[in-house]
Amino acid sequence: MRGMPRGKGNCMDQRTSIAPGVWLSRLDADKFCRQRIAISFLWPARRETATAEALLSMVMERSYAGCPDMTQLSKKLARLYGAQLDVDIQLRGANRQLTVAVTGIQDRFALDGENLSRAYAQLALGVAFTPVMNGDTLDPEAVAIEKGQLREQIESEINDKRLYCLRQARRRLLGDAPEGIERWGYLEELEDITAEDVTAAFRHMVRTACIEVVCAGADADAVRDAVLHTLQGVQRAPAAPVPFRAVPAAGPGRFAEPLPTVQGKLCLLFTAPHVATGQDLAAMRVAVALLGGTATSRLFQNVREKQSLCYYCAAGYAVTMGMMSIDSGVEHANAAAAEHAILKELEALRTGPITDQELAETKRALINQIAAVGDSMAAREAWWMNEILLGTLLTPDQVSAQIKAVAADDVRQALGQFTLAVTYSITQGGAAE
Amino acid sequence: MKIEANEAIRQATAFESCTLENGLKILVKPMPGFTGVHAVYGTRFGSIDRSFLLDGRRVDAPAGTAHFLEHKMFESEEGDAFTLYAKTGASANAYTSFDKTCYIFSATSRVDENLDILLGFVSKPYFTDATVQKEQGIIGQEIKMYDDSPEWRLMFAALQCLYSAHPVREDIAGSVESIARITPSVLYQCTDAFYRPENMALAVAGNVTMAQVLAAVERAGLPAVRNKGSVQRLQPAEPAAVAEPWREFTMSVAKPMLALAFKEVPPQGARAALKTALVCEMLAGLICGDMTPLYRRLYDEGAIAPDFSGEAMLLDGALNLVFGGETARPEYVRGLLLEEIARLHREGVDEELFTLCKNQTYGGMVADLEHVTDVAAGLISSYFRGWTPADELACLASITKQDMDEALAVMLDEARSATVIIRPAASGKEEQP
C-alpha cells in the first residue's frame, strides 16, 4: 500500500498511516445528513478458519463489552436516533475483509444537542476491538446462538436463485483456490466450531490484519487516538494483503442443476490470463459495459429486446480475480438459444465492428456513474477501499480520464483475453449433469 | 420531540414548488455540494387503479396495465428512450408501485437535455399491436422471475388472503394471462385518464434550480397541455372480513416462511392517513422489532432470522399490517406473535420502547433527506399522498403513547387476520419446539 495522492477530484481529504499496518482516512461529510465511521480489517484468507471468521462477524454485531446484551445494544442504537451498526465479512480476492461500521445522523440533527459523533466512534471502536468475553473466550452462549443463525444464513442461499446460480458457477470455477473460500464458511464444519475457535479468529484478525479506518464526518483525531490506545496492548504483526491475481483457466465445464423454478437461470464465467489494472482496467470497464452493463448494451438490446430470449442479461467483471461473468434469467425452453445468442454477441464485439457512437455512449454512461460517487457516502467508501486493494489509489476523476482514452481496439483486446470456463444453469427438471 | 425548532431539519426538508395552471406540480430541491441530479416524473396511476370512468364511460383495465404502460412509455416512433439517454450518459429507469408510476433519471451532466428527454417521452404515448405483443413476452418473463421470489409470493399470498375485491391483491405486473388482454386501445385510455397534468408531478433534486426545471417544462410545452374530459376512479366494495384465513403452498426454499397479516380499516383524508401510517409503522416495531422481548426470545431460540419483522401498507381503500419472515417453526412463531399482540391489547405499549421507536423513526426520516435519489422520490411520494417531508416529521413529533394505545385498541384483531406459510418443496413437516 502506498500513500495517497492529493489530486483534483480527490474525494479523500487525507489518508495517513497512524501505526504499522493501520491507516486512517478522513472524508468530508458536511453535505450529508449522516456520518459514518468504518473500521476494516484485511488479512489473507484461510480456508481452515473461514467458518469461525464468518461466525465472528455475527457475534461481533450482536454486542460488545461496553454493551454486552443484544437487546440493550438495539436500544442504544435507537437512542442514537436509529444509528445503524453493521459488521460485514466478505472475500476480496484471496483476502478476508471484516468491516465494522456505524452510520447515524449528523450532530446538527440531534434534538437535545447530543455529541453523536463521539458516541458513534465509541460504539464502532468498542465493537471492533472489545467483544464480550467470558474469561479468555468469547461468550459461548452468544456463539451458540449465532451458530444457529449462520446455519440459516448458509442454507437460505437457495432462496435467491439468481445469486445462487452465480455462486454455484463460481464454486465450480474456483474449487479450492483461496478466492473461492466461502464468505459464510461451511455448513459441514459449523457444528464443531467452538467459542475458542471464534476467539482465535478474532485474535488472529486483530494481530495480523491491516486496518483501514475511514471517518466520514466523525472526529478523526479522537478516533485516531482511540485506535492507537486500543492497539497499545496488542502484539501486532500485520500481513500484507494478497494482491489480486487471475484465477487459473479451467474447463470448459458445463453444469445443470434441476430445481422447481418458474424461470431458468444461466451463468457463464470466463477467465483471463491477467487481472486488468491501470489503463487496461479502464478498457475492461468499457468493454464489459458495452457487452452487458447498460440498457443500450449489446446483450440487453439484442438478446433481451430484439430476440426476447431473457428478462435480464448482464455482464460483470470481478477485478479481484480477472473473471468476467454473464448471467441471465431465461425461459427454461430458451436457455440453449440464449446461451448461443450471448456467445454470438461476445464474439461480435471481439471481432466485429464497434461504432464510434456506441463506444462514446458507453464511456459517457460510465463517466456519469463515476462522477456520482462523491454524492454517496457508501459509494465513496467502497470506491476508496477498492482503490486501496488495487494499490492504485486513483480518484474518480483520474479513472474517468482513463475511460475517455479507451479506443475500440482496446475493447476488442480486453474481451479477446477471455476463455469460457464454466456454464451453469438452473433447469426445470431432469437429472443434474 | 423538538423537531420543529431544529434548524438543520428545517433546511433539509425545505424545497421549492409551483403548480402550473393545468395542475401539474413541480417540486425542486437544490442540494448544494452535490454533483448529481435525480429527476422523477410520475403519475398517480398504479396497479390498484384498474377501474375508472373516462368521460362517463367505464374502463376495466386488466391486472398489470400500469406496469405494462410503464414499459411501453419508453418507446416512441423514433425509438426507445434508453437510446436518447445514451447520448447524454444519464442512467434512466422507471418503476410501478400499487399507487404510482414513476420515470426517473440520474445524471451528473447535461441536465437540461435529460429533462427534455424525460418530459418528452412520457408526454408522447405510442403503442401498436406489434410493440404491445413484443412487450407481453418480456413482461411475461419478468413475472416468471418474481414467481421464483419467495418474499414476493409470500406478500401477494397474504394480500390475496386479506382482500377479496380490492385490486391490491393482484401482482403489480399482473399475470401472463391478464397482460395478454392488454391492447393499444386500453393503454391509450389509461394515458388519457392518468397521464394528464393534474394527475402528475415532476420532482427534481440535486445540482439543479427551479428556473432550470421550469425552463425544461416550458420547452416540453407542458403548460399548454390541457386535461381533457373527466376521470373518476372506481373502487370495488371490500368487505371487512378477510377473504381466506389460511393458505399454504410449497416452493424451492430452504426453510418455511410465515406471514401473519391483519386487515384494518383505512383512514379518510391525508392528515389521518399520515398519522395512521406512522402509528402502524411504529406499532410493527413495538410488537416484533429488534428491541422487543418477543424478537429476542425468538432470535435466541433460533426460531427467526434477523430480518423477521412487521410492516404496514396504506393505500386508497386498503390498510394492513403484515408480520413475517423465514422461520423453521411457523405455527409456533405465529402463536407467540398473537400472544404478544394480545398482551399489548391488555397492557398497552411500553413507554420506553415507544420513545426509542420514535427516535429510530426520526433517524430514518433524516436519512431519507440525504441522497438526491431519496429526496426526489420522497418529494413526489409525499406530494401524491397529500403531505410534505416536513409534515411527516411534525406528525411524528406529535404522536403520543396514548395515540398508539388507542390505535392498538381497534387494530390487530385475530378475527381479521390471515396466515400464509410457504413450505420447502421437498418436505413440509414442521419441527416441534
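Predicted, not measured: the structure shown is a model, and the values here were computed from it.

As for empty space enclosed by the protein
All names here are of chain A.
At step 1: All told, the structure shown has one cavity of 30 Å³ or more when counted by the stated rule.
At step 2: The computed volume of the largest cavity comes to approximately 40 Å³.
At step 3: Gly278, Leu281, Arg285, Glu387, Leu390, Thr392, Leu394 and Gln402 together form the lining of the largest cavity.
At step 4: Within the residue set of the lining of the largest cavity, elements represented by two or more residues are helix 9 (278-292) and helix 13 (377-390).
At step 5: At three residues, helix 9 tops the list of elements feeding residues into the lining of the largest cavity.
At step 6: When grouped by side-chain class, the residues that make up the lining of the largest cavity number three nonpolar, three polar and two charged.

What to know about the sheet that holds strand 1 (residues 16-19) of chain B
All names here are of chain B.
At step 1: Spatial strand order, 1-2-10-3-9-8: six strands in an open sheet with mixed pairing. The sheet terminates laterally at strand 1 and strand 8 (91-96), the two strands that pair on one side only. If you compare each strand with its neighbour and ignore which way they point, the axes differ by 15° on average.
At step 2: Where strand 3 (residues 37-43) lies against strand 9 (residues 101-107), seven bridges are found, and the strand directions are antiparallel. Across the sheet, the residue bridging to Gly42 is Cys102, located in strand 9.
At step 3: Contacts from helix 4 (residues 111-122) reach strand 3, strand 9 and strand 10 (200-206), with the element oriented near 160° to strand 9.

Observations regarding the pairing of strand 2 (residues 22-27) of chain A
All names here are of chain A.
At step 1: For strand 2, the tally of buried residues reaches five of six residues, placing the bulk of the element in the interior.
At step 2: In this structure, strand 1 (residues 14-19) lies alongside strand 2, joined through five bridges in antiparallel fashion. Across the sheet, residue Gln14 finds its bridge partner in strand 2, namely Arg26.
At step 3: As paired elements, strand 2 and strand 8 (residues 210-216) share six bridges and run parallel to each other. The residue bridging Trp23 from the neighbouring strand is Glu212, located in strand 8.

Some points on the interface of chain A and chain B
At step 1: At the interface, 57 residues of chain A touch 64 residues of chain B.
At step 2: Where chain A abuts chain B, roughly 5,400 Å² becomes buried across the two surfaces, and 52% of that area is made up of carbon and sulfur atoms.
At step 3: Considering only the side of chain A, the residues that lose the most area to chain B are Leu111, Tyr311 and Asp375 of chain A, jointly responsible for 12% of the buried surface there.
At step 4: At the surface where chain A touches chain B, the tally comes to 10 salt bridges.
At step 5: Ionic pairing is found between Lys134 of chain B and Glu305 of chain A, a salt bridge with its closest N-O pair at 3.3 Å.
At step 6: Remark: the boundary between chain A and chain B carries 34 residue pairs in polar contact (both at pLDDT 80 or more).
At step 7: Broken down by secondary-structure element, the contributors of at least two residues to the side of chain A that touches chain B are helix 2 (70-79), helix 4 (140-155), helix 10 (298-306), strand 11 (310-318) and helix 12 (356-371) of chain A.
At step 8: Looking at the side of chain A that touches chain B residue by residue, the classes come out as 23 nonpolar, 15 polar and 19 charged.

Describing the layout of surface pockets
At step 1: Computed from the structure, the second largest pocket encloses a volume of approximately 1,100 Å³.
At step 2: As for the second largest pocket, its lining consists of 44 residues, and the residues nearest its centre are Phe300 and Arg304 of chain A together with Phe82, Ala92 and Asn93 of chain B.
At step 3: Elements supplying a minimum of two residues to the lining of the second largest pocket: helix 10, strand 11 and helix 12 of chain A together with helix 2 (65-73), helix 3 (81-86), strand 8 and helix 5 (129-147) of chain B.
At step 4: Ranked by residues supplied to the lining of the second largest pocket, first place goes to strand 8 of chain B with six residues.

A few points about the confidence of the model for chain B
Residue and element names in this part refer to chain B.
At step 1: Residues at a pLDDT of 70 or more form 98% of chain B, whose mean pLDDT is 94.
At step 2: In this model, residues 427-433 is a region of pLDDT below 50 whose contacts with residues beyond four sequence positions or in other chains number 11 contacts.
At step 3: Taken together, the chains of this predicted complex give a pTM of 0.93 and an interface ipTM of 0.92.

Observations regarding the pattern of salt bridges
At step 1: One pass over the full model with this rule turns up 55 salt bridges over all chains.
At step 2: Linking Arg254 of chain A and Glu339 of chain A is a salt bridge whose minimum nitrogen-to-oxygen distance equals 2.9 Å. Of this pair, Arg254 of chain A sits in strand 9 (residues 253-258) while Glu339 of chain A sits in helix 11 (residues 335-351), and the two are 85 residues apart along the sequence.
At step 3: A salt bridge links Arg58 of chain B to Asp60 of chain B, with the nearest nitrogen and oxygen atoms 2.9 Å apart.
At step 4: Among the residues examined, Arg58 of chain B registers a relative accessible area of 54% and is labelled exposed.
At step 5: Classification of Asp60 of chain B by relative accessible area gives partly exposed; the value is 47%.

The rules behind each value
- Residues numbered from 1 in each chain as written.
- Chains lettered and ligands numbered in written order.
- Predicted model: local features only at pLDDT ≥ 70, side-chain atom pairs only at ≥ 80, totals over all residues.
- Heavy atoms only, no water.
- 1 Å grid on protein atoms, 1.4 Å probe; cavity = no way out; pocket = protein on both sides within 12 Å on 5 of 7 lines; lining within 4 Å.
- Points joined across faces, edges and corners; volume = space filled by probe spheres on them.
- Helix = DSSP H or I, 4+ residues; strand = E, 2+ residues; numbered from the N terminus.
- Nonpolar A, V, L, I, M, F, W, Y, C, P; charged D, E, K, R; others polar.
- Pairing = 2+ DSSP bridges.
- Axes fitted to C-alpha atoms, helices over the stretch in contact; angles between N-to-C directions.
- Contact = heavy atoms within 4.5 Å.
- Buried < 20%, exposed > 50% of the residue type's maximum accessible area, 1.4 Å probe, protein only.
- Buried area = accessible area lost by both parts, 1.4 Å probe.
- Salt bridge = Lys/Arg side-chain N within 4 Å of Asp/Glu carboxyl O.
- Polar contact = N/O pair within 3.5 Å; in protein donor to acceptor, adjacent residues only side chain to side chain.
- pLDDT = per-residue confidence, 0-100.

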